[in-house]
Amino acid sequence: MSEPAQTQKAAGPKPRPLSPHLQVYKPQLTSVMSITHRATGYALSIGLVMLTWMLLALASGPAAYETFLSFAGSGVGQLLLFGWSLALFYHLCNGVRHLLWDMGYLFKIEKAYKAGYIVLLFTVILTAYFWWSVSV
Amino acid sequence: MKLKWEDDGTFKSPLSRARGLGSAGGAVTHWWHQRLTSVANLLLMLWLVCAAAQMPGWSYDVVAGWLAQPINAVLMLLSVISVFYHAALGCQVIAEDYIHHEGLKIFKLGGIRLFFLATGVTCVFSILKIAFTG
Ligand code: HEM
Ligand code: HEM
C-alpha cells in the first residue's frame, strides 16, 4: 500500500492517450467547424417546432395562420428565421463535406481546410442570396 | 422464458441470432440511415429553399394554394419525413454522447423519439389536410 508512486507507475499499464483537454487545446478551423455542425443540427431540430406551427396554422385556417404570421414577421420571429436559414445553409454545405469524407475524400489536412473555407464561403453566399430573393 | 440469444429452436445460425445484439446494437443501421436521410435532405432542402425564395408573398391564400398543389404537397411530405427522421437520429447521437447516466439517457432517448414523432405526425396531417381540402 505504501509503495512509492514511482514503482507503482512503472509496474502499471502504459497510460492511455487522453482526448484533447478543451480548456487548453487551441481551437482550429477543423475542430470549430466540427462542433458547429453539431450545434447547427441541434438548433435546426429545435427550429422544426416553428415549421410545425406554420403547417398546423395553415391547416387550421386563416385566423390561426395570421397569428403565426404576426410572430414570424416580428423582430424575434425574423431573427429566428434568419438564424435557422444560416444554420441550414451551413449544415447543408458542411454536410456535403461530411459525405465526401464518408466516401474517402478530403483526408489530407490541406484539403480538409480548403473544403472548410469553401463551406464558409458558400454558407454566406447562399444565405445572402436567399434573403435577397425572398419576399419578406 | 428463452432469452433472445439462446437457441429458440428456429434453426437460426449463430450469426442471425447475434444480429442486433452486439455492442454495436444497431449502430450501423443508424449510421446508414443518417447518411441516406442526409442525401435526401440535401435535395429536398434545396427544393424547399428555392420554393420559399420564389414564393410571391406569404398571405394565407398564396401559401395554402401553393401547398395544395399535388407536386408541392408530395415533396413537402417527403421533406418532413426525411428531415424529422434525420433530426431524431442526430439528436439521439448527441444525447448518447453527453448524457452519462444510463436511466436518464433511456428516458431522454424516449423523449426525443416521442417529440419528433408527435411534431412529424402533426406536419404530415396538416399537409394532407391542406392538400385534400385546400
Ligand atoms: C433541417 C434539416 C436538418 C436537420 C434538422 C439536421 C439535424 C442534424 C443533427 C441533429 C445531426 C447530428 C449532429 C451530430 O451528431 O453531431 C445531423 C448530422 C448530420 N447531418 Fe443533418 N440536419 C438537417 C439537414 C441536413 C442536410 C441538408 C444535410 C446535407 C448534406 C445533412 C447532413 C448531415 C450529416 C452528413 C450528418 C452527420 C455528421 C456526422 O457524421 O457527425 N443534414 N443533422
Ligand atoms: C420531451 C421533452 C424533453 C425533456 C423533458 C428534456 C429534458 C432534458 C434534460 C432534463 C436534459 C439534461 C440531462 C442531463 O443533465 O444530463 C436534457 C438534455 C438534452 N436534451 Fe432534452 N428534453 C426534451 C426534449 C429534447 C429534444 C426534442 C431534443 C432534441 C432535439 C433534446 C436533446 C437533448 C440533448 C442533446 C441533451 C444533452 C445536452 C446536455 O446534456 O447538455 N431534448 N434534456
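Structure: above.
Report on the accompanying structure. Within any chain, residue numbers begin from 1 and follow the written order of that chain's sequence. Chain A is the first chain written and ligand 1 is the first ligand written, with later ones labelled in order. Confidence filtering applies because this is a predicted model: local features only for residues at pLDDT of at least 70, side-chain atom pairs given and counted only at 80 or more, and all residues used for totals across whole chains, interfaces and linings. Only hydrogens and water are set aside when side-chain values are computed; all heavy atoms of the structure are taken into account.

1. Details of the overall build of chain A
Put simply, DSSP marks the helices as runs of H or I at least four residues long and the strands as runs of E at least two long, and each gets a number from the N terminus on. Scanning chain A for helices and strands turns up five helices and zero strands. The reference for a compact globule is 2.2 Å times residues^0.38; the radius of gyration itself is calculated from the C-alpha atoms. The C-alpha atoms of chain A give a radius of gyration of 23 Å, which is well past the 14 Å a tight globule of 136 residues would have. Counting only C-alpha atoms, chain A reaches 80 × 40 × 25 Å along its principal axes. Using a 1.4 Å probe on the protein chains alone, a residue whose accessible area is under 20% of its type maximum counts as buried, one over 50% counts as exposed, and one in between counts as partly exposed. Taking all 136 residues of chain A together, 31% fall into the buried category.

2. Regarding the site of ligand 1
In the vicinity of ligand 1 lie 24 residues, with A:Arg38, A:His91, B:Arg35, B:Ser38 and B:His86 positioned nearest. We call a residue near a given molecule or strand whenever any one of its heavy atoms falls within 4 Å of it. Chains contributing residues to the immediate surroundings of ligand 1 are chains A and B. The definition of a polar contact used here is a pair of N or O atoms within 3.5 Å, where within protein one atom must be able to donate a hydrogen and the other to accept one, and adjacent residues in sequence count solely through side-chain atom pairs. In this structure, an oxygen atom belonging to ligand 1 sits 2.6 Å away from a side-chain N or O atom of A:Arg38. One of the side-chain N or O atoms of A:His91 is found 2.8 Å from a nitrogen atom in ligand 1.

3. Description of empty space enclosed by the protein
Definitions used throughout: a 1 Å grid over protein atoms alone; a cavity as a set of points that fits a 1.4 Å probe which cannot get out; a pocket as an open set with protein on both sides within 12 Å along at least five of seven lines; a lining residue as one with an atom within 4 Å of a point. Grid points are joined across faces, edges and corners, and a volume is the space filled by probe spheres set on the points. Evaluated as defined, the whole model comprises one cavity of 30 Å³ or more. Taken as a whole, the largest cavity encloses approximately 60 Å³ of empty space. Mapped by element, the contributors of at least two residues to the lining of the largest cavity are helix 2 (29-60) of chain A together with helix 2 (27-54) and helix 4 (70-98) of chain B. Residue contributions to the lining of the largest cavity peak at five residues, all from helix 4 of chain B. Amino acids are sorted into nonpolar (Ala, Val, Leu, Ile, Met, Phe, Trp, Tyr, Cys and Pro), charged (Asp, Glu, Lys and Arg) and polar (every other residue, Gly among them). Classifying every residue of the lining of the largest cavity gives nine nonpolar, one polar and no charged.

4. Topic: the coordination of the iron atom of ligand 1
For Na, K and Ca the donor cut-off is 3.2 Å; for every other metal, N, O and S atoms count as donors within 2.8 Å. Water does not enter the count, which can leave sites looking incomplete. Within the first shell, the iron atom of ligand 1 binds the protein through A:His91 (NE2) and B:His86 (NE2), at distances of 2.0 Å. Note on geometry labels: four donors, all angles 85 to 135 degrees, give tetrahedral; four donors become square planar and six octahedral when opposite donors are over 155 degrees apart and every other angle is between 65 and 115; remaining cases are irregular. Around the iron atom of ligand 1 sit six donor atoms; with metal-centred angles ranging over 85 to 179 degrees, the donor geometry is octahedral. Here B:His86 lies in helix 4 and A:His91 lies in helix 4 (residues 75-102), a pairing that spans two chains. This pair shows no difference in class: A:His91 is buried, exactly as B:His86 is.

5. A look at the packing of helix 4 of chain A against helix 2 of chain B
Inter-axis angles, ranging from 0 to 180 degrees, are taken between N-to-C directions of lines fitted to C-alpha atoms, where helices are fitted over the stretch in contact. Where helix 4 of chain A contacts helix 2 of chain B, the axes come no closer than 10 Å and their chain directions differ by 140 degrees. As summarised for this structure, helix 4 of chain A and helix 2 of chain B are arranged oblique, according to the angle between their axes. Of the two possible hands of crossing, helix 4 of chain A and helix 2 of chain B adopt the one that is left-handed. Here A:Leu88, A:Phe89, A:Leu92, A:Val96, A:Leu99 and A:Asp102 of helix 4 of chain A lie close against helix 2 of chain B, whose contacting residues are B:Trp31, B:Arg35, B:Ser38, B:Val39, B:Leu42, B:Met45, B:Leu46 and B:Val49. Considering only residue class, the contact of helix 4 of chain A with helix 2 of chain B consists of eleven nonpolar, one polar and two charged. By definition in this entry, angles of less than 35 degrees are roughly parallel, angles greater than 145 are roughly antiparallel, angles of 65 to 115 are roughly perpendicular, and the rest are oblique. Note on convention: the crossing is left-handed when the near helix lies turned anticlockwise from the far helix by less than a right angle, right-handed when the turn is clockwise. Throughout, a residue-residue contact means that at least one pair of heavy atoms, one from each residue, lies within 4.5 Å.

6. Notes on the site of ligand 2
Surveying the vicinity of ligand 2 reveals 13 residues, the closest of which are A:Tyr42, B:Cys91, B:Ile94, B:Lys108 and B:Phe115. This site is not confined to one chain, since residues near ligand 2 come from chains A and B. Of all the secondary structure elements, the ones that give two or more residues to the shell around ligand 2 are helix 2 of chain A together with helix 4 and helix 5 (102-133) of chain B. Broken down by element, the residue count for the shell around ligand 2 peaks at six residues, all from helix 5 of chain B. Counted by class, the shell around ligand 2 contains ten nonpolar, two polar and one charged residues.

7. Observations concerning the side chain of A:Thr52
In this structure, A:Thr52 sits in helix 2. The exposure class of A:Thr52 is buried, given its relative accessible area of 7%. For A:Thr52, the contacting residues outside a window of four places in its chain are B:Phe84, B:Thr119, B:Thr122 and B:Cys123.

8. Description of unusual backbone geometry
Residue and element names in this part refer to chain A. Unusually for a residue other than glycine, Leu 106 sits at a positive phi of about 65 degrees. In this fold, Leu 106 is placed in the loop between helix 4 and helix 5 (109-133). The exposure class of Leu 106 is buried, given its relative accessible area of 18%.

9. Remarks on the coordination of the iron atom of ligand 2
Working reference: metal with six octahedral donors, ideal angles 90 or 180 degrees; metal with four tetrahedral donors, ideal angle 109.5 degrees. Looking at the protein side alone, the iron atom of ligand 2 has one donor only, B:Lys108 (NZ), at 1.3 Å. When you line up the elements, B:Lys108 lands in helix 5.

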